[in-house]
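Here are the chains, one letter per residue:
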Amino acid sequence: MSRNGSPIKKLRSTAMLRDLMADYYRELDEAAGSGPARVAWCNSVGPAELLRALGFKVYFPENHGAMLGATRMATDLIPAANALGYSPEICSYLTSDIGSYLSRTTPLTRAYGLESVPAPDVLVYNTNQCRDVQDWFGFYQRELGVPMIGIETPRSLSEMTSDVVNDLAAQHRALVPQLERIAGVSLDPDRLRAVTASSYRCTELWREVLRTACCRPAPLTFFDATIQMGPAVVLRGDERAERYYEALLEELRERMQDGVGAVDDERHRFYWEGMPVWGKLRDHAEQFASLNACVVASTYCNSWIFDGLADYDPFNGMARAYSELFIVRSEAYKQRYLETMARDYAIDGFIFHNAKTCPNNSNCNYGMHLRLSKKLDIPHIVIDGDLNDLRLYSEEQTRTQIEALVEQLEGVM
Ligand code: SF4
């Protein structure tokens, strides 16, 4: 229990994380102002390495979307986008971000002193996760008159074939001439290799961070990891992300050595499948901790592990990394992945979050939750909610479901 009475144990590395994220946003702000670097907007699992190698400062609108959710600004901003015909049923990152633009308000002001999000010189998407990112960037293309280019990735992939990898590598290569024109520099192959190698080292460190939670008690929770993943998302390919995860790992290993869990007296271990409910992160962290339950692993945080980047050819590496992801894969692949994770992390139960505006990250609509429970003989709950739109979330119902899950494991019911 912390000094303020909250059962959440803070990680001391978080102070360093705050400074790192502040530097990242200040650099973007400078580039969007009078700085010499160009700004590229990129989706969270887009070709960040290529952009960074060309000297772009890379901004990720999804990170902004998560901030809008976490600060609970999103729900009030979504209607502004709805009024332009963007349905309340599509991605609430998209609708809250467009609402934020229309309302001229951003959490970046309070967090980092930025007046507005950094204006883009180019918008770069990959359709690997969904079609929404393309439509989201399409709004800004029309609104700001900046070029938009991207990669079209096939979805529901069972096996990664050389045809898929070759096609995607070619699509990545095809972006280069236009990006070079906008950046005003030529791509240096050695620089691209160095950035990709750094990104891969970041992946390895981030994986080690998450794997510490295989330990019992787990030194970090899913809720910690959603905050700690910031550098793996926005600064992969930048060596500062590596330095940060080295420091975080040291702290987590200290906890492991001392037998200190992120949750006191850890009795139950859960897996979170789906997006976080950003505006309820702290509430969820506190509820699980107060029930001596630790959410030790998630698909979401593991989605920024990119094994494909180990490929010597950076274009093949990006092609593989951004198509081997869980979200791009078939239902059968996803089930195998979840079974492995449940065993590796010694899971006692699953929490499936059915995020109403992101079917792409909700995996309980085709029977997966029931099949897994039956096969692994562990219980699950399905929380109806959303990543950002809190009108789609029921506080009372969710709290009761979580309590009931824990009671079921304790044999109270
Ligand atoms: S994957 Fe979901 S949350 Fe992410 S951009 Fe697409 S619809 Fe939005």
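Undergrad: Break down the site of the ligand for me, with residues and values.
TA: All residues in the neighbourhood of the ligand are listed as C91, Y93, Q129, C130, D132, V133, M275, C358, N360, N361 and L387. Looking at side-chain class alone, the shell around the ligand contains seven nonpolar, three polar and one charged residues.

Undergrad: If you had to explain empty space enclosed by the protein to someone new, which residues and values would you point to?
TA: Under the definition given, this model contains two cavities of 30 Å³ or more. Quantified by volume, the largest cavity comes out at close to 80 Å³. Forming the walls of the largest cavity are L210, A213, L220, T221, F222, A225, V296, A297, S298, C301, N302 and Y345. Where the lining of the largest cavity is concerned, the elements lending two or more residues are α10 (222-228), β6 (293-298) and α14 (299-302). Examining the composition of the lining of the largest cavity, we find that three residues originate from one element, β6, more than from any other. The residue inventory of the lining of the largest cavity, partitioned by class, reads nine nonpolar, three polar and no charged. Quantified by volume, the second largest cavity comes out at close to 30 Å³. Of the residues that constitute the lining of the second largest cavity, the class distribution is two nonpolar, five polar and one charged.

Undergrad: Explain the environment of R181 to me, and be specific about the residues and the numbers.
TA: Here R181 lies in helix α8 (residues 162-183). For R181, a relative accessible area of 63% gives the class exposed. For the pair R181 and A53, spaced 128 residues apart in sequence, the C-alpha to C-alpha distance is 14 Å.

What counts, and at which threshold
- Residues numbered from 1 in each chain as written.
- Predicted model: local features only at pLDDT ≥ 70, side-chain atom pairs only at ≥ 80, totals over all residues.
- Heavy atoms only, no water.
- Near = heavy atom within 4 Å.
- Nonpolar A, V, L, I, M, F, W, Y, C, P; charged D, E, K, R; others polar.
- 1 Å grid on protein atoms, 1.4 Å probe; cavity = no way out; pocket = protein on both sides within 12 Å on 5 of 7 lines; lining within 4 Å.
- Points joined across faces, edges and corners; volume = space filled by probe spheres on them.
- Helix = DSSP H or I, 4+ residues; strand = E, 2+ residues; numbered from the N terminus.
- Buried < 20%, exposed > 50% of the residue type's maximum accessible area, 1.4 Å probe, protein only.

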